Amino acid sequence: MNDTTHRPADRQAALRARLGGIGLGADYNPDQWPEATRTEDLALMARAGVTVVNLAIFAGARVEPARDAYDFTYFDRVMDDLAAHGITADLATMTAAPPPWLVTEHPEVLPVTADGVVLSPGGRRHFCPSSPVFRDRAARLVEAVATHYRDHPALGLWHVGNEYGCHVAECFCDTSAADFRRWLGERYNSVDALNDAWSTDFWSQRYASFDQILPPRTAPTYPNPSQQLDFKRFGNDALRTCFETETAILRRITPDVPVTTNFLAGLKSVDIYDWAPTMDVLSLDSYPDPNRDQAHIGAAMSYDTIRCAGGGEPWLLTEQAPSAVNWRSRNAAKSPGRTRLWSWQAVAQGADVIMYFQWRPSRGGAEKFHSRMVPHAGPDTRVFRDVADLGRELARVPELVGTRIHNRVALLSDWHSRWALELDSHPSDAVRHSDRALDHYAPLFDLGVGVDVVHPSADLSDYRLVIVPSLYLLSTEHADRLSRFVAGGGSLVVSFFSGIVDECDRVHLGGYPGPLREVLGISVEEFRPADAGVVFPLQGVSGSGDAPPTGTGDLRREDVTLKGARAEVEFAGAEWAGRPAATVHTHGAGIARYIATRPDTAAMRGLIARACADAGVEPVLPVLPRGVQASIRTGDGYDVLVLLDHADHADHADEVELPTPRRDLLADGQPTTRRVTLAPQAVAVLGSHPTEPAPTTTPESA
Ligand code: GLA
């Protein structure tokens, strides 16, 4: 961002100095309770070690109950109380739910679906991101809030909007249509360029002027895919413009206060890599389903994504559930120990702040059954005791603050490819971006190998292994970077349906995967998706190293022709016997692999392990029991190893051998042996040597 007042390092340092350690907190909605409850809240926050709260996220209607009638009296008392108790406010701009007066006066701010349905107020996020009225009213509110609280001692961070793209990702109203046309004009300059990019000679869609273009509203059949893709880009940009409009006001009024907004893990509509440079510190809301096997691995992938989007800087876990959520069809409670384990997991993967949704649940309203730090039953509850214990633990490891993680494996991820991959009219609708990324991430996680999840434009020079999991949309430029990475000695793993189309969703010609054929030494003629439940036997090719992976594949079986590569795994069975299922190719000083199906878990792990071995990539620890996650955060002259036992087996503990002795930071730095015993769901936090330097941050006003 070209902003001379943008000094993220200073602002990050200011936040660290305020918090004085790993932060703990929650969404705090005191306005949903009688004023007297706050006294108890503040006492309990002290007991739990709360240092930061997300404040006033949905307080717009209280602060501006009528047009321009700002009333800060209530939140003045709250902010004063927070300051008096040394708690930092991540103060919201209050723009995530337009107040009733605004939609009454201006119903045109309401969003419209692709089917033409106007979404009513009564929930939240009921605004069209392109609405000039909404943007103007939001800007005025932010100006008023920032001006009012600019010098308040509790203010430590701005929380802009809330979970952009959640509920309403895009709006199809006439205002959005006009804004979309403006956006297209800037992107393409001429309608001829747009016609070319959108392949509009197909189905008589050629436009004579931008005025003829609409959003991809519900049509008799597939709307133009390039139009759909551009509308996703436009939707992302429209939301980012809302965010940036607010941020610009905050930067002008409070140049020293860092700015963030909370991304929702796994959300499709908002491109975190695109937004990240406009933020001082990145924040993520994460709600892995306790009922889902291996949910922590999906969470791990999102933590590696947010950290890398922020250039490796520590990030904030702004929301997680202390126990159950209220928005799944069946909302599982977390088993004892899991809240602690999953909180530490975020810390292990680079978070410096751990927060919950929410502090105390309201008595009424749609989220009354969502879990909270202080349940309806009060503080004499397991959940409150657990989170309070966690607060005490987090306070013991200030040396973790500001430390970073260094990985040698990059997994490429790109929202534009995700949007394009998941459009209609494809060979199969069963190939989903996040699933495919996880198919590659999970074996690395199981092998104990740390991963960075980065955009294809990222600097790859520090990586030894790059994984490309069904990255359907890949520009020639990004494909060339991958070829150069391999030629220079890197290892590459590419999975089926990667490098198929360019930025406009037009096929790279000459055989799939167009710009990656040379580096991979293959060409693909047909995709051959499989029906659900159909599996293909796989046979490792003898002579291709020790224990070539065998097993089965499913989902896809591509017709691969070898053009310099050799098969490492072949399809077996009558019809396809001997056809390549996984290939390996030497290109320059490096090695490029292609996987033409979805191998089962063991076979995939075998292939990924081979790629790691070729690349000289080591796990974080030489030997790790299954289910134990290890991560190292490195500071100035020291590091901290975090071990997390995700195993569900209640019958035995896991033993972990350390290469060198470490101090147990949760047990007041007692020396450990080189052997750590981990019960199921246990956490160990181990410093590298007995004399770590004192942390650089100091508690300000605890
Ligand atoms: C999101 C929102 C919160 C709350 C939680 C519930 O993350 O940001 O306001 O609704 O979901 O899980």
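Everything numeric here is computed off the predicted structure, so don't read it as measured data. Counting from 1, residues in each chain are numbered in the order their sequence is written. Local features are withheld for residues below a pLDDT of 70 in this predicted model, meaning they are given only at 70 or higher, and side-chain atom pairs are given and counted only at 80 or more; totals for whole chains, interfaces and linings count all residues. Each side-chain value is worked out from all heavy atoms of the structure, with water and hydrogens disregarded.

**Q** It is not clear to me how the confidence of the model for the protein chain should be interpreted in this structure. Could you clarify?
**A** Predicted coordinates in areas of low pLDDT are best not read in detail. Counting all residues, the mean pLDDT for the protein chain is 95, and 96% of those residues have values of 70 or more. Contacts from residues 1–6, a stretch scored under 50 in pLDDT, to residues over four places away or in other chains number 13 contacts. Within the model, pLDDT remains below 50 along residues 697–702, and this stretch shows 11 contacts once partners closer than five positions in the same chain are excluded. Values of pLDDT, the confidence the predictor places in each residue, fall between 0 and 100. The criterion used for residue contact is that any of the two residues' heavy atoms lie within 4.5 Å.

**Q** In this structure, what is going on with the packing of helix α15 (residues 433–446) against helix α18 (residues 601–615)? I would like to understand it.
**A** Relative orientation and spacing of two packed helices are given, respectively, by the angle between their axes and the distance between those axes. Lines fitted to C-alpha atoms define the axes, with helix axes restricted to the stretch in contact, and inter-axis angles between N-to-C directions lie between 0 and 180 degrees. Secondary structure follows DSSP: runs of H or I at least 4 residues long count as helices, runs of E at least 2 residues long count as strands, and numbering of each begins at the N terminus. For the pair α15 and α18, the least separation of the axes is 9 Å and the interaxial angle reads 70 degrees. On the basis of their axis angle, the class for α15 and α18 is roughly perpendicular. Between α15 and α18 the crossing geometry is right-handed. Of the residues in α18, those in contact with D439, H440, P443, L444 and D446 of α15 are M604, R605, I608 and C612. Small angles under 35 degrees read as roughly parallel and large ones over 145 as roughly antiparallel, with 65 to 115 read as roughly perpendicular and the rest as oblique. By the definition used in this description, the sense in which the near helix is turned from the far one sets the handedness, with an anticlockwise turn below a right angle giving left-handed and a clockwise turn giving right-handed.

**Q** What should I look at first to understand the domain arrangement of the protein chain in this one?
**A** Interfaces are often described in size by the accessible area the parts lose on coming together. We note that the domain assignment places domain 1 (3–395), domain 2 (409–615) and domain 3 (628–687) within the protein chain. Each of domain 1 and domain 2 was reduced to a C-alpha centroid, and the two centroids are 34 Å apart. Each partner contributes to the interface: domain 1 provides 30 residues, whereas domain 2 provides 27 residues. As used here, buried area is the combined drop in accessible area, with a 1.4 Å probe, of two parts when they are placed together. When the buried area of domain 1 at its contact with domain 2 is split by residue, K268, Y273 and M301 rank highest and sum to 26% of it. We define a salt bridge as a contact between a side-chain nitrogen of Lys or Arg and a carboxyl oxygen of Asp or Glu at a distance within 4 Å. Counting the contacts that link domain 1 with domain 2 gives 3 salt bridges. Taking the shortest distance from any N to any O, the salt bridge between D452 and R307 comes out at 3.0 Å. Pairs of N or O atoms within 3.5 Å make up the polar contacts considered here, provided that, within protein, one atom can donate a hydrogen while the other can accept it, and that residues adjacent in sequence are counted only when both atoms are side-chain atoms. On inspection of domain 1 and its partner domain 2, the count reaches 19 residue pairs in polar contact (both at pLDDT 80 or more). By residue number, the principal contributor to the side of domain 1 that touches domain 2 is helix α11 (residues 295–309), which donates 9 residues. Residue type decides the class: Asp, Glu, Lys and Arg count as charged, Ala, Val, Leu, Ile, Met, Phe, Trp, Tyr, Cys and Pro as nonpolar, and the leftover types, Gly among them, as polar. Its residues assigned to classes, the side of domain 1 that touches domain 2 shows 13 nonpolar, 10 polar and 7 charged. Those domain boundaries reflect an automatic or database domain assignment.

**Q** Looking at this structure, how should I read the packing of aromatic side chains?
**A** Each pair of aromatic rings is reported with the distance of its centres and the angle of its planes. Only rings of Phe, Tyr and Trp enter the pairing, Trp through its six-membered ring, and a pair is recorded when the two centres are within 6.5 Å. The plane angle decides the type: under 30 degrees is stacked, over 60 is edge-to-face, the rest tilted. Within the structure shown, the criterion is met by 27 aromatic pairs. On the numbers, 6.1 Å between centres and 85 degrees between planes, the contact of Y164 with F243 is edge-to-face. Here the residue Y164 occupies a position in the loop between β4 (155–159) and α7 (174–188), and F243 occupies one in helix α9 (residues 225–253), the gap between them amounting to 79 residues. The two residues Y164 and F243 agree in class, both being buried. Ring geometry for F243 and W275: centres 5.5 Å apart, planes at 35 degrees, overall tilted. Of the two residues, F243 is situated in helix α9 and W275 in helix α10 (residues 272–275); the sequence distance between them amounts to 32 residues. Relative accessible area serves as the criterion here: at 0%, F243 is assigned to the buried category. Each residue is placed in one exposure class: buried if its accessible area under a 1.4 Å probe, protein chains only, is under 20% of its type's maximum, exposed if it is over 50%, and partly exposed if it falls in between.

**Q** Looking at this structure, how should I read the sheet that holds strand β28 (residues 683–687)?
**A** In a beta sheet, neighbouring strands pair by backbone hydrogen bonds and run either parallel or antiparallel. Strand order in the open sheet made by the 5 strands is β22-β23-β28-β25-β26, with antiparallel pairing throughout. Each having just a single partner strand, β22 (628–634) and β26 (670–671) make up the two edges of the open sheet. Relative to strand β23 (residues 639–645), β22 runs antiparallel, the two sharing 7 bridges. Considered in β23, the bridge of S631 is made with V642. In short, DSSP must find at least two bridges between two strands for them to pair.

**Q** Looking at this model, I keep getting lost on the sheet that holds strand β6 (residues 262–264). Mind explaining?
**A** The 9 strands lie next to each other as β5-β4-β3-β2-β1-β9-β8-β7-β6, forming an open sheet whose pairing is parallel. Each edge of the open sheet carries a strand with a single partner, namely β5 (259–260) and β6. In terms of strand pairing, strand β7 (residues 283–285) meets strand β8 (residues 315–319) through 3 bridges, oriented parallel. Note on β8: the bridge partner recorded for L284 is L317. Across the face of the sheet, helix α4 (residues 73–84) comes into contact with β1 (23–28), β2 (52–55), β3 (88–92) and β4 while running at roughly 170 degrees to β2.

**Q** Help me understand the pattern of salt bridges in this model?
**A** Between side chains of opposite charge, a pair can form as their charged atoms come close. Here the structure, examined in full by the defined rule, presents 53 salt bridges. Its salt-bridge partner being D81, residue R38 comes within 2.8 Å of it at the nearest N-O pair. Taken as a pair, R38 in helix α2 (residues 37–48) and D81 in helix α4 lie far apart in primary sequence, 43 residues in all. Given a relative accessible area of 6%, R38 falls into the buried group. The closest approach of N and O atoms between E313 and R404, which form a salt bridge, is 2.9 Å.

**Q** What exactly am I supposed to notice about the pairing of β1 here?
**A** Every other side chain in a regular strand lies on the same face of the sheet, so the side chains alternate between the two faces. Most of β1 is tucked away, with 6 of its 6 residues classed as buried. Here β1 runs beside β2; their pairing, made up of 4 bridges, is parallel. Directly across from D27, in β2, lies its bridge partner N54.

**Q** So what exactly am I meant to see when it comes to the nonpolar core here?
**A** Most often, soluble globular proteins have nonpolar side chains that are buried together. Residue types Ala, Val, Leu, Ile, Met, Phe, Trp, Tyr and Cys, when buried and joined through side-chain atoms within 4.5 Å, form a set referred to as a nonpolar core. L55, L91 and W344 are the most contacted members of the largest nonpolar core, which has 168 residues in total. If we ignore the near neighbours within four places in the chain, the residues touching W344 are L390, E393, L394, V397, L400, V642, L644, L666, V683 and V685.

**Q** What's the story with the site of the ligand in this structure? I'm lost.
**A** Whether a residue is near a molecule or strand depends on its heavy atoms: if one lies within 4 Å, it is near. Near the ligand the following residues occur: F58, R124, N162, E163, D285, Y287, E319, W327, F357, E367 and H370. Contact between the ligand and R124: an oxygen atom at 2.8 Å from a side-chain N or O atom of the residue. The separation between an oxygen atom of the ligand and a polar side-chain atom of Y287 is 3.4 Å. Surface accessibility in these figures is a Shrake-Rupley result with a 1.4 Å probe; residues are shielded only by whichever protein chains are displayed. Considering the ligand on its own, with 300 Å² of exposed area, one finds that the protein chains cover 97% of that surface. Grouping the constituent residues of the shell around the ligand by class yields 4 nonpolar, 2 polar and 5 charged.

**Q** Can you walk me through empty space enclosed by the protein in this structure?
**A** Empty space among the atoms can be located by rolling a probe the size of a water molecule over them. Each cavity reported here is a set of points on a 1 Å grid over the protein atoms alone in which a 1.4 Å probe fits but cannot get out, each pocket an open set with protein on both sides within 12 Å along at least five of seven lines, and each lining residue one with an atom within 4 Å of a point. Grid points are joined across faces, edges and corners, and a volume is the space filled by probe spheres set on the points. One pass over the structure, following the stated rule, counts 7 cavities of 30 Å³ or more. Its boundaries defined by the atoms lining it, the largest cavity holds a volume of some 120 Å³. In terms of lining, the largest cavity is formed by 13 residues, of which the most central are Q12, L15, R16, L316 and D352. Lining the second largest cavity are E64, M94, T95, A97, P98, P99, W101, L102, F134, R137, A138 and L141. Contributions of two or more residues to the lining of the second largest cavity are made by α5 (100–105) and α6 (132–149). Ranked by the residues each element gives to the lining of the second largest cavity, the list is headed by α6, at 4 residues.

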